[in-house]
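Next come the chains, spelled out residue by residue.
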Amino acid sequence: MSQPGRKLAVIHHRFADWVPTLEEADPRLDIRGVHPRDWKSMDPTWLAEAEGLFCWMLPTGLVSRMPKLAWVQNSGAGVDHLVAHPELPSHIPVSRADGHFGFWMARYVCGHLLGEAQHLDECAKAQSLAHWDPKLIPEDLGGKIALVLGFGRIGRQIGRALRELGMDVTGLVREARKDPEFSLRASADLPGLLPTARCLVLAAPATEETRGMVNGGLLRNGHSNLTLINVGRGNLVVLDDLLEALEMATVGHAVLDVFPEEPLPPDSPLWHHPKITITPHHSGPSTPKDLIPDILENLHRFAEGRPIEDAVNRQRGY
Ligand code: GLV
(Lines give C-alpha, C1' and ligand atoms only; values in the text may rest on other atoms or scores of the structure.)
Protein backbone atom coordinates (compact mmCIF):
# COMPACT_ATOMS: atom_id res chain seq x y z
CA MET A 1 0.00 0.00 0.00
CA SER A 2 1.44 3.32 -1.00
CA GLN A 3 1.74 5.90 1.78
CA PRO A 4 2.31 9.16 -0.05
CA GLY A 5 4.23 11.77 1.80
CA ARG A 6 5.94 9.60 4.39
CA LYS A 7 8.22 11.91 6.28
CA LEU A 8 11.99 11.56 6.18
CA ALA A 9 14.08 13.91 8.33
CA VAL A 10 17.55 14.59 6.96
CA ILE A 11 19.72 15.71 9.87
CA HIS A 12 23.12 15.90 8.32
CA HIS A 13 26.00 18.35 7.96
CA ARG A 14 25.53 18.11 4.17
CA PHE A 15 21.72 18.27 4.23
CA ALA A 16 21.73 20.89 1.43
CA ASP A 17 23.22 18.28 -0.95
CA TRP A 18 21.32 15.33 0.42
CA VAL A 19 17.77 16.70 0.44
CA PRO A 20 17.49 17.36 -3.33
CA THR A 21 19.30 14.10 -4.11
CA LEU A 22 16.91 12.07 -1.95
CA GLU A 23 13.89 13.98 -3.29
CA GLU A 24 14.92 13.16 -6.81
CA ALA A 25 15.50 9.52 -5.86
CA ASP A 26 11.96 9.16 -4.51
CA PRO A 27 9.70 12.17 -5.14
CA ARG A 28 6.88 10.57 -3.15
CA LEU A 29 8.60 11.36 0.15
CA ASP A 30 8.08 14.42 2.29
CA ILE A 31 11.70 15.36 3.10
CA ARG A 32 13.02 18.14 5.29
CA GLY A 33 16.64 18.75 6.14
CA VAL A 34 18.68 20.61 8.70
CA HIS A 35 22.26 20.76 9.99
CA PRO A 36 22.68 18.57 13.13
CA ARG A 37 23.56 21.61 15.23
CA ASP A 38 20.17 23.16 14.30
CA TRP A 39 17.93 20.13 14.64
CA LYS A 40 15.94 21.73 17.45
CA SER A 41 14.81 24.40 15.00
CA MET A 42 12.76 21.82 13.07
CA ASP A 43 8.97 22.05 13.37
CA PRO A 44 8.31 19.71 16.33
CA THR A 45 4.94 18.61 14.94
CA TRP A 46 6.45 17.58 11.63
CA LEU A 47 9.35 15.87 13.41
CA ALA A 48 6.96 13.94 15.66
CA GLU A 49 5.27 12.59 12.54
CA ALA A 50 8.50 11.66 10.75
CA GLU A 51 9.08 7.92 10.44
CA GLY A 52 12.44 8.01 8.73
CA LEU A 53 15.75 9.58 9.69
CA PHE A 54 18.74 10.09 7.43
CA CYS A 55 21.85 11.07 9.39
CA TRP A 56 25.52 10.57 10.10
CA MET A 57 25.76 11.07 13.89
CA LEU A 58 22.59 10.87 15.97
CA PRO A 59 22.10 14.12 17.92
CA THR A 60 21.40 13.61 21.62
CA GLY A 61 17.73 14.01 22.50
CA LEU A 62 16.46 13.63 18.93
CA VAL A 63 14.95 10.15 19.15
CA SER A 64 12.55 11.11 21.95
CA ARG A 65 11.16 13.80 19.61
CA MET A 66 10.51 11.21 16.92
CA PRO A 67 8.02 8.78 18.51
CA LYS A 68 7.10 7.28 15.12
CA LEU A 69 10.69 6.63 14.06
CA ALA A 70 10.80 3.36 12.13
CA TRP A 71 14.02 3.53 10.09
CA VAL A 72 17.45 5.12 10.32
CA GLN A 73 19.56 5.34 7.19
CA ASN A 74 23.19 6.22 7.80
CA SER A 75 25.05 8.24 5.19
CA GLY A 76 28.18 6.14 5.54
CA ALA A 77 29.63 2.68 5.91
CA GLY A 78 30.52 2.60 9.61
CA VAL A 79 27.55 2.51 11.98
CA ASP A 80 29.40 1.92 15.27
CA HIS A 81 28.14 5.28 16.58
CA LEU A 82 24.52 4.31 15.81
CA VAL A 83 24.20 0.63 16.71
CA ALA A 84 25.34 1.23 20.26
CA HIS A 85 23.51 4.53 20.72
CA PRO A 86 21.66 4.30 24.05
CA GLU A 87 18.74 6.39 22.78
CA LEU A 88 18.03 4.27 19.72
CA PRO A 89 15.64 1.39 20.53
CA SER A 90 16.97 -1.94 19.32
CA HIS A 91 13.93 -2.74 17.15
CA ILE A 92 14.52 0.22 14.84
CA PRO A 93 16.30 -0.93 11.68
CA VAL A 94 19.53 0.85 10.84
CA SER A 95 20.88 0.75 7.28
CA ARG A 96 24.34 1.57 6.06
CA ALA A 97 25.78 2.56 2.69
CA ASP A 98 29.14 1.19 1.65
CA GLY A 99 28.90 0.58 -2.08
CA HIS A 100 31.14 3.24 -3.50
CA PHE A 101 33.62 3.75 -0.67
CA GLY A 102 35.66 0.75 -1.75
CA PHE A 103 36.89 2.46 -4.91
CA TRP A 104 38.00 5.55 -3.03
CA MET A 105 39.67 3.54 -0.32
CA ALA A 106 41.37 1.28 -2.83
CA ARG A 107 42.85 4.38 -4.49
CA TYR A 108 43.93 5.69 -1.09
CA VAL A 109 45.63 2.43 -0.08
CA CYS A 110 47.33 1.98 -3.45
CA GLY A 111 48.31 5.64 -3.58
CA HIS A 112 50.11 5.51 -0.24
CA LEU A 113 51.71 2.15 -0.89
CA LEU A 114 52.87 3.16 -4.37
CA GLY A 115 54.19 6.41 -2.93
CA GLU A 116 56.48 4.32 -0.73
CA ALA A 117 57.38 1.82 -3.44
CA GLN A 118 58.23 4.59 -5.92
CA HIS A 119 60.16 6.49 -3.21
CA LEU A 120 58.21 9.66 -3.94
CA ASP A 121 59.50 11.45 -0.83
CA GLU A 122 63.13 10.68 -1.66
CA CYS A 123 62.60 11.68 -5.30
CA ALA A 124 61.12 15.02 -4.19
CA LYS A 125 64.07 15.58 -1.83
CA ALA A 126 66.57 14.71 -4.56
CA GLN A 127 64.79 17.04 -6.98
CA SER A 128 64.89 19.90 -4.47
CA LEU A 129 68.68 19.46 -4.42
CA ALA A 130 68.88 19.15 -8.24
CA HIS A 131 70.41 15.75 -7.53
CA TRP A 132 70.12 12.97 -10.14
CA ASP A 133 70.13 9.82 -8.00
CA PRO A 134 70.32 6.62 -10.07
CA LYS A 135 69.97 4.58 -6.89
CA LEU A 136 66.34 5.58 -6.50
CA ILE A 137 65.00 2.32 -7.94
CA PRO A 138 61.33 1.61 -7.23
CA GLU A 139 60.50 -1.33 -4.96
CA ASP A 140 58.92 -4.28 -6.76
CA LEU A 141 55.62 -5.02 -5.02
CA GLY A 142 55.06 -8.04 -7.28
CA GLY A 143 54.35 -11.18 -5.24
CA LYS A 144 54.58 -9.34 -1.92
CA ILE A 145 51.93 -10.16 0.63
CA ALA A 146 49.08 -7.77 1.39
CA LEU A 147 46.75 -8.54 4.28
CA VAL A 148 43.35 -6.87 4.39
CA LEU A 149 41.52 -7.10 7.71
CA GLY A 150 37.78 -6.79 7.09
CA PHE A 151 36.69 -8.19 3.77
CA GLY A 152 33.21 -6.82 3.09
CA ARG A 153 32.53 -4.83 -0.05
CA ILE A 154 35.15 -2.23 0.86
CA GLY A 155 37.89 -4.68 1.86
CA ARG A 156 37.32 -6.74 -1.27
CA GLN A 157 37.65 -3.69 -3.51
CA ILE A 158 40.90 -2.82 -1.79
CA GLY A 159 42.04 -6.43 -2.20
CA ARG A 160 41.28 -6.34 -5.94
CA ALA A 161 43.24 -3.14 -6.42
CA LEU A 162 46.25 -4.48 -4.49
CA ARG A 163 46.12 -7.64 -6.56
CA GLU A 164 46.22 -5.51 -9.71
CA LEU A 165 49.48 -4.07 -8.37
CA GLY A 166 50.80 -7.60 -8.43
CA MET A 167 50.49 -8.30 -4.73
CA ASP A 168 49.49 -11.59 -3.18
CA VAL A 169 46.33 -10.69 -1.24
CA THR A 170 44.78 -12.47 1.75
CA GLY A 171 41.57 -11.26 3.37
CA LEU A 172 41.11 -11.63 7.13
CA VAL A 173 37.56 -12.32 8.29
CA ARG A 174 35.93 -13.53 11.51
CA GLU A 175 35.97 -17.17 10.39
CA ALA A 176 37.98 -18.60 7.51
CA ARG A 177 35.80 -19.48 4.55
CA LYS A 178 36.10 -20.53 0.93
CA ASP A 179 35.92 -17.70 -1.57
CA PRO A 180 36.06 -17.92 -5.37
CA GLU A 181 38.30 -14.88 -5.65
CA PHE A 182 40.63 -14.64 -2.66
CA SER A 183 42.20 -16.61 0.11
CA LEU A 184 40.22 -15.72 3.24
CA ARG A 185 41.72 -16.55 6.64
CA ALA A 186 40.41 -16.12 10.15
CA SER A 187 41.55 -12.89 11.79
CA ALA A 188 42.92 -15.07 14.62
CA ASP A 189 45.61 -16.18 12.11
CA LEU A 190 46.92 -12.65 11.76
CA PRO A 191 49.92 -12.96 14.13
CA GLY A 192 51.26 -15.88 12.09
CA LEU A 193 50.80 -14.04 8.79
CA LEU A 194 52.37 -10.74 9.80
CA PRO A 195 56.08 -11.75 9.63
CA THR A 196 55.90 -12.18 5.84
CA ALA A 197 53.45 -9.38 5.04
CA ARG A 198 54.45 -6.19 3.23
CA CYS A 199 51.31 -4.37 4.36
CA LEU A 200 48.39 -4.74 6.70
CA VAL A 201 45.32 -2.77 5.67
CA LEU A 202 42.57 -2.26 8.24
CA ALA A 203 39.13 -2.05 6.63
CA ALA A 204 37.11 -3.58 9.45
CA PRO A 205 34.24 -1.96 11.34
CA ALA A 206 34.62 -1.08 15.03
CA THR A 207 32.89 -3.84 16.97
CA GLU A 208 33.36 -5.57 20.31
CA GLU A 209 35.67 -8.01 18.54
CA THR A 210 37.79 -5.60 16.54
CA ARG A 211 38.38 -2.78 19.02
CA GLY A 212 42.03 -2.82 20.04
CA MET A 213 42.74 -5.82 17.81
CA VAL A 214 45.89 -4.19 16.47
CA ASN A 215 47.85 -4.11 19.69
CA GLY A 216 51.35 -4.79 20.99
CA GLY A 217 50.80 -8.56 21.02
CA LEU A 218 50.03 -8.54 17.31
CA LEU A 219 52.49 -5.89 16.20
CA ARG A 220 55.47 -7.61 17.76
CA ASN A 221 55.15 -10.11 14.88
CA GLY A 222 55.86 -7.41 12.31
CA HIS A 223 59.11 -6.08 10.86
CA SER A 224 60.73 -2.88 9.69
CA ASN A 225 59.30 -3.07 6.16
CA LEU A 226 55.71 -3.57 7.29
CA THR A 227 53.30 -0.76 6.44
CA LEU A 228 50.10 -0.44 8.44
CA ILE A 229 47.27 1.40 6.70
CA ASN A 230 44.11 2.16 8.68
CA VAL A 231 41.01 3.21 6.73
CA GLY A 232 38.60 1.41 9.11
CA ARG A 233 38.16 2.96 12.51
CA GLY A 234 40.67 4.60 14.82
CA ASN A 235 39.94 2.38 17.79
CA LEU A 236 41.00 -0.80 15.97
CA VAL A 237 44.57 0.24 16.83
CA VAL A 238 46.05 0.69 20.32
CA LEU A 239 47.98 3.85 19.53
CA ASP A 240 50.52 3.58 22.37
CA ASP A 241 51.34 0.08 21.16
CA LEU A 242 51.72 1.33 17.61
CA LEU A 243 54.15 4.04 18.76
CA GLU A 244 56.16 1.38 20.56
CA ALA A 245 56.11 -0.89 17.49
CA LEU A 246 57.42 1.98 15.32
CA GLU A 247 60.13 2.57 17.91
CA MET A 248 61.05 -1.13 17.96
CA ALA A 249 60.81 -1.24 14.13
CA THR A 250 58.23 -4.02 14.07
CA VAL A 251 56.23 -1.58 11.96
CA GLY A 252 58.08 0.56 9.42
CA HIS A 253 55.41 3.08 8.48
CA ALA A 254 51.83 3.74 9.58
CA VAL A 255 49.33 5.51 7.34
CA LEU A 256 46.40 6.59 9.47
CA ASP A 257 43.18 8.07 8.11
CA VAL A 258 41.00 7.42 11.17
CA PHE A 259 41.52 8.13 14.86
CA PRO A 260 39.79 7.41 18.16
CA GLU A 261 39.27 11.17 18.50
CA GLU A 262 38.54 13.22 15.39
CA PRO A 263 39.70 15.77 14.50
CA LEU A 264 43.04 14.51 15.79
CA PRO A 265 43.94 16.94 18.64
CA PRO A 266 46.72 19.41 17.75
CA ASP A 267 48.88 18.17 20.65
CA SER A 268 48.77 14.51 19.55
CA PRO A 269 52.30 13.04 19.25
CA LEU A 270 51.16 11.35 16.04
CA TRP A 271 51.25 14.59 14.02
CA HIS A 272 55.02 14.96 14.01
CA HIS A 273 56.09 11.33 14.10
CA PRO A 274 58.54 10.68 11.26
CA LYS A 275 57.14 7.21 10.55
CA ILE A 276 53.46 8.18 10.58
CA THR A 277 51.42 9.66 7.77
CA ILE A 278 48.23 11.38 8.91
CA THR A 279 45.26 12.14 6.66
CA PRO A 280 41.99 13.78 7.74
CA HIS A 281 39.53 10.86 7.44
CA HIS A 282 39.31 11.47 3.71
CA SER A 283 39.91 7.98 2.30
CA GLY A 284 36.20 7.47 1.56
CA PRO A 285 34.43 10.74 0.86
CA SER A 286 30.66 10.43 0.75
CA THR A 287 29.18 11.99 -2.32
CA PRO A 288 25.37 11.77 -2.36
CA LYS A 289 24.84 10.78 -5.97
CA ASP A 290 27.30 7.86 -5.66
CA LEU A 291 25.59 6.55 -2.53
CA ILE A 292 22.05 6.60 -3.89
CA PRO A 293 22.28 3.14 -5.52
CA ASP A 294 22.94 1.67 -2.04
CA ILE A 295 20.02 3.48 -0.49
CA LEU A 296 17.46 3.40 -3.29
CA GLU A 297 15.76 0.07 -2.65
CA ASN A 298 15.09 0.89 0.99
CA LEU A 299 14.06 4.43 0.13
CA HIS A 300 11.37 2.98 -2.14
CA ARG A 301 10.41 0.41 0.49
CA PHE A 302 10.09 3.16 3.08
CA ALA A 303 7.98 5.31 0.73
CA GLU A 304 5.67 2.36 0.10
CA GLY A 305 5.44 1.25 3.74
CA ARG A 306 7.21 -2.04 3.00
CA PRO A 307 9.77 -3.53 5.42
CA ILE A 308 13.36 -2.32 5.23
CA GLU A 309 15.80 -4.97 4.06
CA ASP A 310 19.47 -5.75 4.82
CA ALA A 311 19.43 -3.77 8.05
CA VAL A 312 22.59 -3.86 10.11
CA ASN A 313 22.82 -6.65 12.70
CA ARG A 314 22.93 -4.40 15.73
CA GLN A 315 24.25 -7.17 17.96
CA ARG A 316 27.17 -7.90 15.63
CA GLY A 317 27.74 -4.22 14.97
CA TYR A 318 27.75 -4.08 11.13
C1 GLV B 1 33.09 6.87 7.15
O2 GLV B 1 33.97 6.73 7.94
C3 GLV B 1 32.06 5.91 7.01
O4 GLV B 1 31.99 5.01 7.86
O5 GLV B 1 31.27 6.00 6.08
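Definitions and limits used
- Residues numbered from 1 in each chain as written.
- Predicted model: local features only at pLDDT ≥ 70, side-chain atom pairs only at ≥ 80, totals over all residues.
- Heavy atoms only, no water.
- Pairing = 2+ DSSP bridges.
- Helix = DSSP H or I, 4+ residues; strand = E, 2+ residues; numbered from the N terminus.
- Axes fitted to C-alpha atoms, helices over the stretch in contact; angles between N-to-C directions.
- Contact = heavy atoms within 4.5 Å.
- Polar contact = N/O pair within 3.5 Å; in protein donor to acceptor, adjacent residues only side chain to side chain.
- Domains from an automatic or database assignment.
- Buried area = accessible area lost by both parts, 1.4 Å probe.
- Salt bridge = Lys/Arg side-chain N within 4 Å of Asp/Glu carboxyl O.
- Near = heavy atom within 4 Å.
- Areas by Shrake-Rupley, 256 points an atom, 1.4 Å probe, with all protein chains shown as cover.
- Nonpolar A, V, L, I, M, F, W, Y, C, P; charged D, E, K, R; others polar.
- Buried < 20%, exposed > 50% of the residue type's maximum accessible area, 1.4 Å probe, protein only.
- Phe/Tyr/Trp six-rings, centres within 6.5 Å; stacked < 30°, edge-to-face > 60°.

Enquirer: Would you take a moment to explain the sheet that holds strand β11 (residues 253-256) for this structure?
Expert: Strand order in the open sheet formed by 7 strands is β8-β7-β6-β9-β10-β11-β12, with parallel pairing between adjacent strands. Looking at the sheet topology across the chains shown, the edges are occupied by β8 (183-186) and β12 (276-278). The mean inter-strand angle of the sheet, taken between neighbouring strand axes irrespective of direction, is 20°. Sheet topology places strand β6 (residues 145-149) next to strand β7 (residues 168-173); 5 bridges connect them, and they run parallel. When the bridges of β7 are listed, Leu149 appears paired with Leu172. Together, β6, β7, β8 and β9 (197-202) form the strand contacts of helix α6 (residues 153-164), whose direction differs from that of β6 by roughly 170°.

Enquirer: How should the side chain of Glu51 be read in this particular structure?
Expert: Of note, Glu51 is situated in the loop between α2 (44-49) and β3 (52-55). Only 2.9 Å separates the side chain of Glu51 from the side chain of Arg6, close enough to count as a polar contact. Apart from residues no more than four positions distant in its own chain, Glu51 is found in contact with Arg6, Lys7, Lys68, Leu69, Ala70, Trp71 and Phe302.

Enquirer: I would appreciate a short explanation of the domain arrangement of the chain in the present structure.
Expert: It is common to give the size of an interface as the accessible area lost on bringing the parts into contact. Under the domain assignment, the chain is made up of domain 1 (7-97 + 286-303) and domain 2 (101-278). Residue-level contacts link 11 residues of domain 1 with 6 residues of domain 2. Carbon and sulfur atoms supply 54% of the area buried between domain 1 and domain 2, which totals about 560 Å² over both sides. Considering only the side of domain 1, the residues that lose the most area to domain 2 are Ala77, Asp80 and Asp294, jointly responsible for 56% of the buried surface there. Seen at the junction of domain 1 and domain 2, the total is 2 salt bridges. One salt bridge in this structure joins Arg233 and Asp80, with 3.0 Å as the shortest N-O distance. Put simply, domain 1 and domain 2 have 2 residue pairs in polar contact (both at pLDDT 80 or more) between them. Only α3 (80-83) and α10 (288-304) provide two or more residues apiece to the side of domain 1 that touches domain 2.

Enquirer: Help me understand the site of the ligand, please; the structure alone is not making it clear to me.
Expert: The environment of the ligand is formed by Trp56, Gly76, Ala77, Gly78, Phe101, Arg233 and His281. Here an oxygen atom of the ligand and a side-chain polar atom of Arg233 are 2.8 Å apart. Coverage of the ligand by the protein amounts to 89% of the 190 Å² it exposes when considered alone. Grouping the constituent residues of the shell around the ligand by class yields 3 nonpolar, 3 polar and 1 charged.

Enquirer: I keep staring at unusual backbone geometry and nothing clicks. Help me out?
Expert: It is generally the case that most residues other than glycine have a negative phi and that most peptide bonds are trans. For the bond from Glu262 to Pro263, the omega torsion is -5°, close enough to zero to count as cis. When you line up the elements, Pro263 lands in the loop between β11 and β12. We note that Ala249 has phi near 60°; this positive angle belongs to a residue other than glycine. Topologically, Ala249 is positioned in the loop between α9 (239-247) and β11. Under the relative-accessibility criterion, Ala249 is labelled partly exposed at 30%. Positive phi is not limited to glycine here, since His281 has a value of about 45°.

Enquirer: Looking at this model, I keep getting lost on the packing of aromatic side chains. Mind explaining?
Expert: Between two aromatic rings, the relevant description is the distance of the centres plus the angle of the planes. Tallying each qualifying case throughout the model produces 3 aromatic pairs. With a centroid separation of 4.5 Å and an interplanar angle of 50°, the aromatic rings of Trp18 and Phe54 are classed as tilted. With Trp18 in helix α1 (residues 15-25) and Phe54 in strand β3, this pair connects stretches of sequence that are 36 residues apart. Both residues of the pair, Trp18 and Phe54, belong to the buried class.

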